[in-house]
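Structural description and commentary
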Amino acid sequence: MIAFLTFATVVLLFAVLVLIARAGELTADLKNGKVDYTSQSKWNGYFLLAFLIIMFVGSAMSFKILMPVMVPKAASEHGVQTDFLFNITMIIIGIVFVFTQIALFWFAYRYNESHGHESYFYPHNNTLEVVWTVIPAIVLTVLIAMGMYEWMHIFNPDARDKNMMVIEATGKQFNWMLRYPGKDGKFGERIIDKEHVSPTNELGINWEDAKSHDDFMSDKLYLVKNKPVLMKLGAQDVLHSFFLPHFRVKMDFVPGLPTEFYFQPTMTTVEMQEYLSHEPWWQTINPETGQPRWQTFKYELACAELCGKSHWGMQRDVIVVEQKEYDEWLAKQTPMYAPAVADIAPADTSAKKEEPKKTAMLEKGK
Amino acid sequence: METAHAHATDHHAHVHGHEEHHHEETFLTKYVFSQDHKMISKQFLITGIFWGIVGGLLSVLFRLQLGWPNETFPFLETFLGKWAEGGKISQEFYYALVTMHGTILVFFVLTGGLSGTFANLLIPYQVGSRDMASPFMNMLSYWFFLGASVVMFFSFFIQTGPASGGWTAYPPINGLRDTAINLGSGLGFDLWILGMTLFIVSALLGGLNYIATVLNMRTKGMNMFRLPLTIWALMFTAVIGVLSFPALLAGCVLLEFDRLLDTSFYLNNIVINGNLLGYKGGSPVLFQHLFWFLGHPEVYIIILPAMGLVSEVLATQSRKPIFGYKAMIFSILAILVLSFIVWAHHMFVTGLNPNLGAIFTLFTLLIAIPSAIKVFNWIGTVWKGKVRLSTPALFAIGFVSMFITGGLTGIILGNSAIDIQLHDTMFVVAHFHIVMGVSAFFGMFAGVYHWFPRLYGKYMNETLGQIHFYITLVGAYAIFFPMHFMTGLPRRYYSYANFETFNNFNFLAEFISIAAIIVFFGQLLFVINFFYSIFKGRKVEAETTVDGYGYANPWGTTTMEWTAPIDRLHGNWPGDIPSVHRWPYDYSVNGREFIPQTEPLKPGEVPHE
């Protein structure tokens, strides 16, 4: 019934508008078929000025209301730099936005035909053209230089710390597989062929490689504060993208094409919560949990490349801790080797006869 | 030039003879299988409007889900059946909606509908030609477009639904013909490829024709630097299309090989549920290169015609020459060249070689320079003009405002280091909707309101047009301005409920959805106005009558389209095609409000160039 009433109201509204518009046209017919553009221009001039003001007020309100809600400050070393670059660019384009919009709408108001003036024949001015070519060119050169410098810094393999952690993340529909190299710091070899890849060994880990024996899977991404980490990324089935919004990290997972991303977290989860507890918006109570928002804050991992119907659900918690806590956590992890090979006859190197319960282990957290 | 003139005269004689002997046209040759550029223009426009409504409606449906993720809408089940069981849009259908929304608006409305309409209408009228270089190819161009439309529309009604792997058609999700991986990657995506193939054929037939017509069929005296900016923009658009669409076609054909013949152009080491499939050696990134080799020029295919229309409308309605005519031409040329070497800025985080990322940052940000020149020139055109704030002028001003807002955020996104965070988030959605979606629509509306009298001999209703303008301007900003603040939120999410980080913006999503629904209904005002005015609109009254043909110049424009009679004749001019003596922007000069291009120079008068 409500749907019908809404529908009827909309139809009636349209009908009224059409009738009003038709009336305007009939009036024009009385004036020898000419629309009175002088009076229309006058009103539209005022409307455009009003819109200019509404637009600026709306923009200011957007900043006031929405800025505090945004993903908080960067928690990684390069993230601080890219945020700085973002803010610089934002200020520059903000200034250009304000001046050009004012010029556009003010001129449309000031020089509309209701003012009874004559138009000024002024087809070109080469000096002006040069000025407004050169100034943007200089500003852009600076932005390009800063951006390229930062970009090459982020992706420079020679600048990496030798003591970095290495973690492997593999995306598949609709889950993440996070593999840690264990105590030896080295990953067991993976072989992608029909011998090794099976429903119980989706990654194709070569269990004969001793380095694989202490590798373990985690359902949460544990990182250490101030310890650089190299994420080795790969996909099983379709494209995914490894997105850590708080660390300004994003890199696609491409089946058959390994990718990586190197970064350094700079704040533990607890430190970020502490920081946010001073922010007014984060002090407000979240109606869903009944707690202040900062208390339930957590770093998260998301998928940022459309990968199918549950693309939106690929969530994992990310936890950044101090080295000591990390070591404690590390000690508690069980390597996946023992359960994985338990059922395979020692002579049988292929892993394809394993039982389905291992799959459950590999996918824990789902 | 001599040859062109001789040809034009020759052509004219032929058409004249033609009209005397077979004046009778059947319904079929006049309205359906028409080879007349004006009728083909109308066909493109009305098909485009149809697609505009469909594409907009799809966005309303997915905005319902995004704005109210926890609500159910029982009426949806009535209309959509299994796609919205219990009144909630299914995940599969949600992704089909966003995929088809993108496909339809980018290709079928803003490429086919925009270029198809205005290149067909304006090129022959404004260069002074009786029709396109090949009217038959032109007819085929529309019929391939309609064929593409039928195939795309049909794909909504099959068992597994339309394509749902994103309008970018990335493999492997679209490269594996397996509905278990993605429901829309079955028959739905085959139809998508078929539809796009037909569409590309249409775009190429049309584009070649537009280029040939502009280069070869100009009337006497119409040298290149006397062409209105609309024609420059439409010709450069066609050049971009002809050079880039084939890359997409090649990409799509290889993709279909992967799907149907199990080749491995884009697939390598795919593991589905622990089973290694037999694909070896392909690269999904290769498809992205091919796709964006069209995909990026495509955004200029969309925006250049709008820029051309707006330049013309602003000059005419401001009663003032476009500021920096040649700077405008060279900046479009610069955009054309640069548009081919920026495509990989869509791929900064795909594992591309970082050196490549740096180079593409450079070229991408360079494109801001010609764009800035154009913006300053438009503002310069309005400055000290005598602006008639009619509906087309309002939309042209709205276009400039939108283009500034959307263009500026491109400077942020084009910088690869910043793009790491922003890539595939709502910030990108906000950016490209403003700069190419809404802007191009504003340009298109400016064009439709401005040239409707030329198309139909009637005016569109001003009052409805202005209401439509304000709803669209305010509404579009309300939708897309606040969306920039969702910087960290990934796009193409069915719901943000799984994430603590993204769940804070629900109030904004609801606000945006309400604005989007209002704007959608606001567009229906345009549709009503359009069809109402075709039949009942105020007629264009003849100002002069020569040989029984009425002539008028409703906006007082200098360009050639109104030197033809109000009635749309086959062949456009009943007698000789007028020749051109001056540049197209003699407004408010020599004590005259405007001097048509066809008016000879006075003794002693120095031409503008």
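This write-up is about the structure you can find in this document. All figures in this text were calculated on a predicted structure; none of them were measured in a lab. (Residues numbered from 1 in each chain as written. Chains lettered and ligands numbered in written order. Predicted model: local features only at pLDDT ≥ 70, side-chain atom pairs only at ≥ 80, totals over all residues. Heavy atoms only, no water.)

Some points on the overall build of chain A
Of the regular secondary structure elements, chain A holds 9 helices and 12 strands. Compactness check: chain A gives a C-alpha radius of gyration of 30 Å against a globular reference of 21 Å for 366 residues, more than 25% above the reference. For chain A, the spread of C-alpha atoms along the principal axes amounts to about 100 × 60 × 45 Å. For chain A, with 366 residues in total, the buried portion stands at 50%. Long-range contacts, defined as pairs at least 24 residues apart, comprise 70% of the intrachain contacts of chain A with a sequence gap of at least 6. Carbon and sulfur atoms make up 65% of the accessible area of chain A, which totals about 17700 Å². Of the charged side chains in chain A, 34 are positive and 41 negative, and the gap between their average positions amounts to 3 Å. (Helix = DSSP H or I, 4+ residues; strand = E, 2+ residues; numbered from the N terminus. Rg over C-alpha atoms; globule rule 2.2 N^0.38 Å. Buried < 20%, exposed > 50% of the residue type's maximum accessible area, 1.4 Å probe, protein only. Contact = heavy atoms within 4.5 Å. Areas by Shrake-Rupley, 256 points an atom, 1.4 Å probe, with all protein chains shown as cover. Lys, Arg positive; Asp, Glu negative; His and termini not counted. Charge placed at Lys NZ, Arg CZ, Asp CG, Glu CD.)

Observations concerning helix 4 (residues 126–154) of chain A
Residues and elements named next belong to chain A. Helix length check: helix 4 (29 residues) gives 42 Å between terminal C-alpha atoms against 42 Å at 1.5 Å per residue, within 8%. Where helix 4 is concerned, the buried positions are Glu-129, Trp-132, Pro-136, Leu-140, Leu-143, Ile-144, Gly-147, Glu-150, Trp-151 and Ile-154. N-cap assignment for helix 4: the residue whose side-chain oxygen lies 3.0 Å from the backbone N of Thr-127 is Asn-125. (Expected span 1.5 Å × (residues − 1). Polar contact = N/O pair within 3.5 Å; in protein donor to acceptor, adjacent residues only side chain to side chain.)

Considerations on a nonpolar patch on the surface
Taken together, Ile-91, Ile-95, Val-98, Phe-99, Ile-102 and Trp-106 of chain A make up a surface patch of nonpolar side chains, about 580 Å² in accessible area. Of note, Ile-91 of chain A is situated in helix 3 (residues 77–110). (Patch = residues over 30% accessible without salt bridge, like charges linked within 9 Å, V, L, I, M, F, W, Y side chains within 5 Å. Salt bridge = Lys/Arg side-chain N within 4 Å of Asp/Glu carboxyl O.)

Section: the pairing of strand 6 (residues 240–244) of chain A
Residues and elements named next belong to chain A. Within strand 6, 5 of the 5 residues are buried, leaving the element largely enclosed by the surrounding structure. Here strand 6 shows two buried faces, one formed by His-240, Phe-242 and Leu-244 and the other by Ser-241 and Phe-243. As paired elements, strand 6 and strand 7 (residues 249–253) share 5 bridges and run antiparallel to each other. For Leu-244, the partnering residue across the bridge sits in strand 7 and is Val-249. (Pairing = 2+ DSSP bridges.)

Considerations on the sheet that holds strand 12 (residues 316–321) of chain A
Residues and elements named next belong to chain A. Strand order across the open sheet formed by 5 strands is 4-12-11-6-7, with mixed pairing between neighbours. The open sheet has two edge strands with one neighbour each: strand 4 (221–224) and strand 7. Sheet twist, expressed as the average angle between the axes of neighbouring strands with direction ignored, equals 25 degrees. Judged from the 4 bridges that link them, strand 4 and strand 12 form a sheet pairing that is parallel. Paired with Val-224 across the bridge in strand 12 is Val-321. Across the sheet, helix 7 (residues 323–331) lies against strand 4 and strand 12, angled at about 140 degrees from strand 4, the strand it touches most. (Axes fitted to C-alpha atoms, helices over the stretch in contact; angles between N-to-C directions.)

Quick look at helix 16 (residues 462–480) of chain B
Residues and elements named next belong to chain B. With 19 residues, helix 16 extends 27 Å from end C-alpha to end C-alpha; this agrees with the ideal 27 Å at 1.5 Å per step. Across the 19 residues of helix 16, 14 count as buried, placing the element largely inside the fold. Between a side-chain oxygen at the N-terminus of helix 16 and the backbone nitrogen of Thr-463 the separation is 2.9 Å; the capping residue is Asn-461.

Details of the packing of aromatic side chains
Under the defined criterion, the tally for this structure stands at 104 aromatic pairs over all chains. With a centroid separation of 5.4 Å and 50 degrees between ring planes, the pair formed by Trp-106 of chain A and Tyr-109 of chain A is classed as tilted. Taken together, the positions of Trp-106 of chain A and Tyr-109 of chain A, both in helix 3 and 3 residues apart, correspond to about one turn of that helix. With a relative accessible area of 40%, Trp-106 of chain A lands in the partly exposed category. Ring centres 5.2 Å apart and planes at 10 degrees place the aromatic pair Tyr-120 of chain A and Tyr-122 of chain A in the stacked group. On the accessibility criterion, Tyr-120 of chain A (37% relative accessible area) is partly exposed. Residue placement shows Arg-454 of chain B over the ring face of Trp-562 of chain B; its charged tip is 4.5 Å from the ring centre. (Phe/Tyr/Trp six-rings, centres within 6.5 Å; stacked < 30°, edge-to-face > 60°. Lys NZ or Arg CZ within 6 Å of the ring centre and 35° of its normal.)

What to know about the side chain of Gln-333 of chain A
As for its position among the elements, Gln-333 of chain A is in the loop between helix 7 and helix 8 (337–342). Within the local environment of Gln-333 of chain A, its side chain forms a polar contact with the backbone oxygen of Trp-329 of chain A, the two atoms lying 3.2 Å apart.

What to know about the environment of Arg-454 of chain B
Residues and elements named next belong to chain B. On the secondary structure map, Arg-454 appears in helix 15 (residues 426–456). Looking at Arg-454, the relative accessible area reads 0%, which means it is buried. Spatially, the C-alpha atoms of Arg-454 and Val-429 are 36 Å apart, while their sequence positions differ by 25 residues. Here Arg-454 is in contact with Leu-121, Tyr-125, Glu-561, Trp-562, Ala-564, Pro-565, Ile-566, Asp-567 and Arg-568, once residues within four sequence places are set aside. For Arg-454, the side chain forms a polar contact with the main-chain oxygen of Pro-565, separated by 2.6 Å.

Overview of the interface of chain B and chain A
Taken residue by residue, the interface counts 130 residues in chain B and 122 residues in chain A. A per-residue breakdown of the area chain B buries against chain A is headed by Ile-420, Phe-485 and Arg-538 of chain B, which together make up 6% of the total. There are 1 salt bridge connecting chain B and chain A. Linking Glu-92 of chain B and Lys-309 of chain A is a salt bridge whose minimum nitrogen-to-oxygen distance equals 3.5 Å. Connecting chain B to chain A are 35 residue pairs in polar contact (both at pLDDT 80 or more). (Buried area = accessible area lost by both parts, 1.4 Å probe.)

Comments concerning the sheet that holds strand 5 (residues 229–235) of chain A
Residues and elements named next belong to chain A. Ordered by their spatial adjacency, 5 strands build an open sheet running 3-2-1-5-8, and the pairing between neighbours is mixed. Pairing within the sheet leaves two strands with one partner each, and these edge strands are strand 3 (216–218) and strand 8 (259–263). Averaged over neighbouring strand pairs, the angle between their axes works out to 30 degrees when direction is ignored. Bridge count for strand 2 (residues 175–180) against strand 3 is 3 bridges, and the pairing is antiparallel. Bridge pairing in strand 3 places Arg-179 opposite Met-217.

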